[in-house]
Amino acid sequence: MKEKQEYIEGELRINADGRFMVKNYELHCGDCVQLKLCGKWIKTSVEAYGGEYYLVGLPELKAATLPARIKV
């Protein structure tokens, strides 16, 4: 039997330090996150370059306020 996966779900936000957050969980380099785009969950991760945080494979995406979830 498959084990049910637990997620924290909420809006992806950018805090005052420029880091991504889902609810009260701050994301760091290497953290995985799933974003809901066009009705499907898309897997990506957080990285930083030159003090700016971005989503791998989606560098131009302005991700604030997108539905997001992370595994706990």
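Residues numbered from 1 in each chain as written. Predicted model: local features only at pLDDT ≥ 70, side-chain atom pairs only at ≥ 80, totals over all residues. Heavy atoms only, no water.

Caption draft 1: A look at the overall build of the protein. For the protein, the count of helices and strands is 0 helices and 7 strands. Ordered by position from the N terminus, the helices and strands of the protein form the series β-β-β-β-β-β-β. Relative to its length of 72 residues, the protein is compact, with a C-alpha radius of gyration of 12 Å against a globular reference of 11 Å. For the C-alpha atoms alone, the extent of the protein along its principal axes is close to 45 × 25 × 20 Å. When burial is assessed residue by residue, the protein has 28% of its 72 residues classed as buried. In the protein, the proportion of contacts linking residues at least 24 apart, taken out of those at least 6 apart, comes to 45%. Approximately 5300 Å² of the protein is accessible, and the part contributed by carbon and sulfur atoms is 52%. Counting 11 positive and 10 negative side-chain charges, the protein places the centres of these two groups 9 Å from one another. (Helix = DSSP H or I, 4+ residues; strand = E, 2+ residues; numbered from the N terminus. Rg over C-alpha atoms; globule rule 2.2 N^0.38 Å. Buried < 20%, exposed > 50% of the residue type's maximum accessible area, 1.4 Å probe, protein only. Contact = heavy atoms within 4.5 Å. Areas by Shrake-Rupley, 256 points an atom, 1.4 Å probe, with all protein chains shown as cover. Lys, Arg positive; Asp, Glu negative; His and termini not counted. Charge placed at Lys NZ, Arg CZ, Asp CG, Glu CD.)

Caption draft 2: Region of interest: the pattern of salt bridges. All chains considered together, the criterion is met by 1 salt bridge. Glutamate 26 serves as the salt-bridge partner of arginine 19, at 3.6 Å between the closest nitrogen and oxygen. (Salt bridge = Lys/Arg side-chain N within 4 Å of Asp/Glu carboxyl O.)

Caption draft 3: Spatial organisation of the packing of aromatic side chains. In this structure the tally under the stated criterion is 0 aromatic pairs. One cation-aromatic arrangement involves arginine 69 over tyrosine 7; the distance from NZ or CZ to the ring centre is 4.3 Å. (Phe/Tyr/Trp six-rings, centres within 6.5 Å; stacked < 30°, edge-to-face > 60°. Lys NZ or Arg CZ within 6 Å of the ring centre and 35° of its normal.)

Read these as layout, nothing more, since geometry by itself doesn't imply function.
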